[in-house]
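A closer look at the structure
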Amino acid sequence: MSWSNFMLLGHCKRLAKPYGEAADAFVNEPNVVLAEVECDTDGKDLCGKFSISGYPTMIFFGRNDKESKEKYSGGREVADLVNFMNEKAGTFRLPDGSLDPAAGRNEELDKLAQRFVKETEERDNILEETEKKNEELENEFVWYAKVMRMMIKKGDDYLETEPKRLEKMINSGNLSKKKIDQFKGKLLVIQAFSEKAEPQSESESESESD
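Just so you know, these numbers come straight off a predicted model, no measurement behind them.

Some details on the overall build of the protein chain
Across its full length, the protein chain carries nine helices and four strands. Written out in order from the N terminus, the α and β elements of the protein chain read β-α-β-α-β-β-α-α-α-α-α-α-α. Nonlocal contacts in the protein chain, meaning residues at least 24 apart in sequence, comprise 63% of its contacts between residues at least 6 apart. Summed over its atoms, the accessible surface of the protein chain is roughly 13,300 Å², and 47% of this surface lies on carbon and sulfur atoms.

Here it is, written out as structure tokens:
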């Protein structure tokens, strides 16, 4: 069985509310779990196994590594807990559970997206390069190639029409939270195609002209 990134809380009434809100923020993250254990009752054996003697005690377990553990000693606000889990699990959640603007984006793929918009005659090659890079990144950024294919099929107007379509569906009230996350992730990637590429430095321009 594949373990998730896991935070275990030894019971504490005062921390229950912010901890619960932090757990809600990750409800759409299948690899992140924040759990609470009652050390005085059903969780007595588990708390004993990990030497929990004072409350609250929070312990982080990395994914696929249930033997390693790290006691959490950071802040007790929702934002503190969410930021900690984002750092450990590689997620991009905000305290309200929505996606951070950095979600689903990759700097190298952003540059390929900008090249794709600018170098129209090289689009097939850039798409192939994007797919290879995504494989290297374990297929975590599939929207880049999908947007490129749709632009080849429907034209550059897709960058204007698709966000409008997605926003309409997101605001319809008919989608699950998981589907809203998917659509918002796609919107964030589409932004990479609309952003202007950073200007090259003089040294970079000279090296290309040599």
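Now that the structure has been shown, we can carry on.
Observations regarding the side chain of Ser-98
For Ser-98, the position within the fold is in the loop between helix H3 (78-89) and helix H4 (107-118). Residue classification places Ser-98 among the buried positions, given a relative accessible area of 19%. Within polar-contact distance, the side chain of Ser-98 engages the side chain of Asp-96 at 2.6 Å. Apart from the residues lying within four places of it in its own chain, the contact partners of Ser-98 are Phe-92 and Arg-93.

A word on the confidence of the model for the protein chain
Looking at the protein chain, the pLDDT average stands at 83 and 84% of residues meet or exceed 70. The model gives residues 197-210 a pLDDT under 50, and that stretch makes four contacts with residues more than four places away or in other chains.

A short note on the pattern of salt bridges
The final tally for this structure, using the stated rule, is 14 salt bridges. A salt bridge links Glu-128 to Lys-132; the nearest nitrogen and oxygen atoms lie 3.5 Å apart. In this pair, Glu-128 and Lys-132 are both assigned in helix H5 (residues 123-136), four residues apart and thus about one turn of the helix distant. A relative accessible area of 40% places Glu-128 in the partly exposed class.

A look at the UniProt feature "coiled-coil region" (unreviewed entry) in the protein chain
Using the residue numbers shown here, the UniProt feature "coiled-coil region" (unreviewed entry) corresponds to residues 109-147. Helix makes up 74% of residues 109-147 and strand makes up 0%, while its end C-alpha atoms are separated by 12 Å.

Let's talk about the layout of surface pockets
In this model, the largest pocket occupies a volume close to 920 Å³. Lining the largest pocket are 24 residues, and of these Asn-28, Glu-29, Pro-30, Arg-93 and Glu-140 lie nearest its centre. Examining the composition of the lining of the largest pocket, we find that four residues originate from one element, helix H8 (residues 177-194), more than from any other. Of the residues belonging to the lining of the largest pocket, the class tally is nine nonpolar, eight polar and seven charged.

Brief notes about the side chain of Arg-93
For Arg-93, the position within the fold is in the loop between H3 and H4. On the basis of relative accessibility, which here comes to 4%, the residue Arg-93 falls in the buried class. Looking at Arg-93, its side chain comes within polar contact range of the side chain of Glu-29, at 2.9 Å. At 2.8 Å, the side chain of Arg-93 and the backbone oxygen of Gly-97 are in polar contact. Ignoring sequence-local partners within four residues, the contact set of Arg-93 consists of Ala-25, Phe-26, Asn-28, Glu-29, Val-82, Asn-86, Ser-98, Leu-99 and Asp-181.

Regarding the nonpolar core
Counting residues in hydrophobic clusters, the biggest one holds 23 residues, and the most contacted among them are Phe-116, Tyr-144, Val-147, Met-148, Met-151, Leu-159 and Phe-193. Listing elements by their share of this core, those giving two or more residues are H4, H5, helix H6 (143-154), helix H7 (158-170) and H8. Here this core gets seven residues from one element, more than from any other, and that element is H8. When residues no more than four places from it in sequence are discounted, the contact partners of Met-151 are Phe-116, Val-117, Arg-123, Asp-156, Tyr-158, Leu-159 and Phe-193.

Procedures and definitions
Residues numbered from 1 in each chain as written. Predicted model: local features only at pLDDT ≥ 70, side-chain atom pairs only at ≥ 80, totals over all residues. Heavy atoms only, no water. Helix = DSSP H or I, 4+ residues; strand = E, 2+ residues; numbered from the N terminus. Contact = heavy atoms within 4.5 Å. Areas by Shrake-Rupley, 256 points an atom, 1.4 Å probe, with all protein chains shown as cover. Buried < 20%, exposed > 50% of the residue type's maximum accessible area, 1.4 Å probe, protein only. Polar contact = N/O pair within 3.5 Å; in protein donor to acceptor, adjacent residues only side chain to side chain. pLDDT = per-residue confidence, 0-100. Salt bridge = Lys/Arg side-chain N within 4 Å of Asp/Glu carboxyl O. UniProt positions renumbered as here; feature names shortened; annotations may be inferred. 1 Å grid on protein atoms, 1.4 Å probe; cavity = no way out; pocket = protein on both sides within 12 Å on 5 of 7 lines; lining within 4 Å. Points joined across faces, edges and corners; volume = space filled by probe spheres on them. Nonpolar A, V, L, I, M, F, W, Y, C, P; charged D, E, K, R; others polar. Core = buried A, V, L, I, M, F, W, Y, C linked by side-chain atoms within 4.5 Å.

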